[in-house]
Amino acid sequence: MHRHHVFPVSTVLLVAANLLIPVAIVLFAIGFFPYKPFLPGLADYQALEYGPPPKAPFDRLIFMVIDALRSDFVYTHGSGFGFTQGLISDGAAIPFTAHATSPTITMPRIKAITTGSTPSFLDAILNFDEADTSSTLAAQDTWLAQMKAKGTGKLVMYGDDTWLKLFPGMFDRADGTSSFFVSDFTEVDNNVTRHIPDELRNDDWNTMVLHYLGLDHIGHKTGPRGPNMIPKQREMDDIVRTIYEAMDTQPHLQSTLLVFCGDHGMNDAGNHGASSPGETSPALVFVSPKLRSISKPVKVPADWVEDFQYYNVVEQSDLAPTLAALLGFPVPKNSLGSFMLDFLPFWSEKHDKLQILVRNAKQIFEIVAATYSGSSTGRQYSPDCASPGSLVEELLCEWQIINETAEKTPAVDLDDDWIMNTSKWLSKAQALMSSMASNYDMQTLAYGGSVAAGASIAAVHALVTSTPASASTLAPFVLITLLYGIMMFASSYVEEEQHFWYWITTAWLIYLAIRSIPRATRQSLMICFIALGTMRLTRGWNQTGQKFAGEPDIVTSFIATNPPLLWCLVVATYGMVSVQLFDGLRGIPIAISGSVVAGLTTSAISFKLAFTNEDAPELVVGLARTLVGIFDGPSLVNRARAVFLGLGLISIYPLYNIVMFRTRSSKMDAMRTLHHLYTIFALTQSRVTNVPLFLLFQVIYLYLIGLNLGVVEITISSLLLQFSSFFAMGGSNAISGVDLSNAYNGVSGFNIFAVGVLTFISNWAAPVWWTSASNLLLLQRNQSTGQGGGAIFRQHVAILTTFVSVTLGFVMMACTALRTHLFIWTVFSPKYLYSMAWSLGQHLIINVAFGGLLYWLGSL
């Protein structure tokens, strides 16, 4: 009789739980981030009894986006926009603060600016895909499409290639630049500016779009108060001067309107993506000599205000109907914008003012009614205005009153009260429709949550049946899981999640120390205190989260201000890894292994020096500057490829030893060598200021090695240190926390797979390091207990899967229960995206697949 191998039930349930996790994530995401329908086709002027549409004061538009142009950069004392402030003071420019809704990143903001609608949060994901074309606006009504439909000139664009992805085939002349090479402060803008003189002399265009990226890149690198910020502002101000002087002197530009604005702002750390006042308050300035006739005097420069709300505050979507009136085209069909009343004095006749507001109101009414009634036009629905049953019905009834008043009253008799009432109605409709921007698919949300619950049940059952640990041993894990899950229902805790992990990790290390006291020695106690001190340094290394972003931390206060200290720590870190790697290659003749390690280390350090010289040149001083000159030559791409090639070639040796030599010591040596090779890769993918953190991680790892931990303790330690190290490296739950600076190491052009992997590793370098380190602890445990068949790794994965599935379920419940919460799109939605990354990327790919591969290799 043949004996058939049957998998234990716990293993089957564990596999099922891990397969259900991505299914739950996808189902919930489909219901939570639904595709948003839009009204197709271009709007046209409806016939009104007030006569033809009002004559437009402008016939040509220059639309200039200065990426991340926060309002105070233009309006306050110390700004580099001196010429612009002079125009505002003179009345030739009208300033606004344009409120940008979350997510405050480029693609959704351009959609809001051009369509006047509220973009889908899914655009926040598509924004990171340089090759994405699914988010195109080619079929939607925008002011660009309307300007093209006028047929009065060509459309030209220079700058961020996001415009080319959103508007394929729209521009007659264009030159796009990538928005993700964030180390470039100058060439990325020079490539735009070089086209301006020739285009200002041309008279064959009616719309010119310029999108400058340098200021945003400076913000990401050095923050809003970095040394390059004011010079960049002056550079942008000089471009405004060049354009304005051409408008003022060249006849074919006499009726040109210049609009320059930020697509979003930035927080005090120089990042964006969330909803802090700095991120949601970009500047918006209309410029033309014609504006002197309607502008009102304002204080210039403005006094600094904490919320960055300077002058009149408008919505970015208000640009669509305002440009429509100023340039003479219908309001785009899907616009939720409200005409800016500051420009109404351009039209002296009351029937013209009436037309502008009525056309704007009718266009929004069509959206409101269509959304509520399900009709393509919305005209089939007539609410009961005696007792409106909802805010939408109340809005429709208010419109009926405004519209009837306009129809019954001669235009000359309509007073300013009617204008104000109509404007208030537009703002109210805008706010209501923006808040209803996502129609959740509750059934799909329920399916996703149910699958997550099924995964949790399967994982818990697998944990209970596969782990021989006692209830008291598992109690800390249960407590951590429940506390973390409950925390997901509080926006402040989600924003400042790092503190949970810092304190829990510190408490866990203290617990392990107390538990080991009976068998402690003087040396072990010393290592314990050093490890706790190391954890304290780790916590303070980078200030992250939302409330205290940009506040002083170890990096800004001590490291960045003292570059020689930084490079000493960097060299110490590389030196530590090199010594460990050299020891792991002791089976090779010393002359060869020494040369190999020296070559790899030299390549890695030279790349880090060259990259930092481009990325943050203020950190490269003294000896570091001299070394940059010595190593000058190869491009950054080739330097990175040299490091990656060296890592790949050296990894052949430990892999060969694992296959050919089956002794325990040789396998452990080989696994440690692979760990050291990954450490060099992680250092390559990390910011230079974060490199010394790996020294601190090594101290904590040495402390854990000496404790002789069980599987549960190893897994809990791994889980806690993965999360705490992620935040220590500067990670957060905000989209603005995604670090793209190392996403193109060794890549000469956009490759979705390569850039995706490098982006993930550069943001999760430390958690992946702890996965590798935990694998060494598990293999050590396996050798000491003699347990075979992968039982130890199954227990490890069962605990991690239980945590992931249960906490993912809590995040889903929080997003569902709080779907109408004020912070749903600024706090909870980004958290769900990060939960996706942790569950799919860190858990399934790294902890389960990569960790499983490492454990299998070490157990051969």
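Residues numbered from 1 in each chain as written. Predicted model: local features only at pLDDT ≥ 70, side-chain atom pairs only at ≥ 80, totals over all residues. Heavy atoms only, no water.

Asker: Is there a simple way to explain empty space enclosed by the protein in this structure?
Answerer: Regions of empty space are outlined by a rolling probe, equal in size to a water molecule, passed over the atoms. Considering all chains together, one arrives at four cavities of 30 Å³ or more under this definition. By volume, the largest cavity amounts to about 170 Å³. Lining the largest cavity are 17 residues, and of these Phe723, Phe803, Val804, Thr807 and Trp838 lie nearest its centre. Each residue belonging to the lining of the largest cavity can be placed in one class, and the counts come to nine nonpolar, seven polar and one charged. Its volume calculated, the second largest cavity comes out at about 70 Å³. Looking at the lining of the second largest cavity residue by residue, the class counts come to four nonpolar, four polar and one charged. (1 Å grid on protein atoms, 1.4 Å probe; cavity = no way out; pocket = protein on both sides within 12 Å on 5 of 7 lines; lining within 4 Å. Points joined across faces, edges and corners; volume = space filled by probe spheres on them. Nonpolar A, V, L, I, M, F, W, Y, C, P; charged D, E, K, R; others polar.)

Asker: Can you walk me through the packing of helix α17 (residues 471–487) against helix α19 (residues 497–515) in this structure?
Answerer: The description of two packed helices rests on the angle between their axes and on the distance between the axes. Running from N to C, α17 and α19 cross one another at 165°; their axes reach a closest spacing of 11 Å. Taken together, the axis directions place α17 and α19 in an arrangement best described as roughly antiparallel. Considering how the two elements wind past one another, α17 and α19 form a crossing that is right-handed. Contacts between α17 and α19 involve Pro476, Ile480, Leu483, Tyr484 and Met487 from the former and Glu497, Phe500, Trp501, Ile504 and Trp508 from the latter. Grouping the constituent residues of the contact of α17 with α19 by class yields nine nonpolar, no polar and one charged. (Axes fitted to C-alpha atoms, helices over the stretch in contact; angles between N-to-C directions. Helix = DSSP H or I, 4+ residues; strand = E, 2+ residues; numbered from the N terminus. Parallel < 35°, antiparallel > 145°, perpendicular 65-115°, else oblique. Left-handed = near helix turned anticlockwise from the far one by under 90°. Contact = heavy atoms within 4.5 Å.)

Asker: Any chance you could explain the confidence of the model for the protein chain here in plain terms?
Answerer: Low-pLDDT portions of the prediction should not be read for the details of their coordinates. Confidence in the prediction of the protein chain, expressed as mean pLDDT, is 86, and 90% of residues score 70 or more. Between the elements of the protein chain, mean pLDDT differs from a low of 55, seen in helix α5 (residues 123–126), to a high of 96, seen in strand β7 (residues 283–287). A low-confidence stretch, residues 127–134 stays under pLDDT 50, and its non-local contacts, those more than four residues away or across chains, total 24 contacts. For residues 375–380, every residue scores under 50 in pLDDT, and the model assigns this stretch eleven contacts once sequence neighbours within four places are set aside. (pLDDT = per-residue confidence, 0-100.)

Asker: Sorry if this is basic, but what is going on with the environment of His351 here?
Answerer: Looking at the element boundaries, His351 is found in helix α13 (residues 350–373). A sequence separation of 298 residues divides His351 from Pro53, and the C-alpha atoms of the two residues are 9.8 Å apart.

Asker: Quick question: what am I supposed to make of the sheet that holds strand β8 (residues 312–315) here?
Answerer: Two modes of strand pairing occur in sheets, parallel and antiparallel, and in both the strands are linked by backbone hydrogen bonds. Within the open sheet, the eight strands sit side by side as β4-β3-β5-β1-β6-β7-β2-β8. Their pairing is mixed. Two strands bound the open sheet, and with one partner strand each, they are β4 (173–177) and β8. Across the sheet, the axes of successive neighbouring strands diverge by a mean angle of 20°, strand direction being ignored. Sheet topology places strand β3 (residues 154–160) next to β4; five bridges connect them, and they run parallel. Within β4, the residue paired with Tyr158 across the bridge is Asp175. (Pairing = 2+ DSSP bridges.)

Asker: Is there a simple way to explain the side chain of Gln146 in this structure?
Answerer: As for its position among the elements, Gln146 is in helix α6 (residues 143–150). In contact with Gln146, other than residues within four places in its own chain, are Leu42, Ala43, Asp141, Phe329 and Pro330.

Asker: Help me understand unusual backbone geometry in this model?
Answerer: With the exception of glycine, most residues fall at negative phi, and the peptide bonds are largely trans. The peptide bond linking Val300 to Pro301 adopts the cis configuration, its omega dihedral lying at -5°. One can find Pro301 in the loop between β7 and β8. One non-glycine residue, Ala68, lies in the positive phi region at around 70°. Its place among the elements puts Ala68 in the loop between β1 (60–66) and α2 (71–75). Under the relative-accessibility criterion, Ala68 is labelled buried at 0%. Although it is not a glycine, Tyr311 sits at a positive phi angle of roughly 55°. With respect to the secondary-structure elements, Tyr311 resides in the loop between β7 and β8. Judged by its relative accessible area of 23%, Tyr311 is partly exposed. (Buried < 20%, exposed > 50% of the residue type's maximum accessible area, 1.4 Å probe, protein only.)

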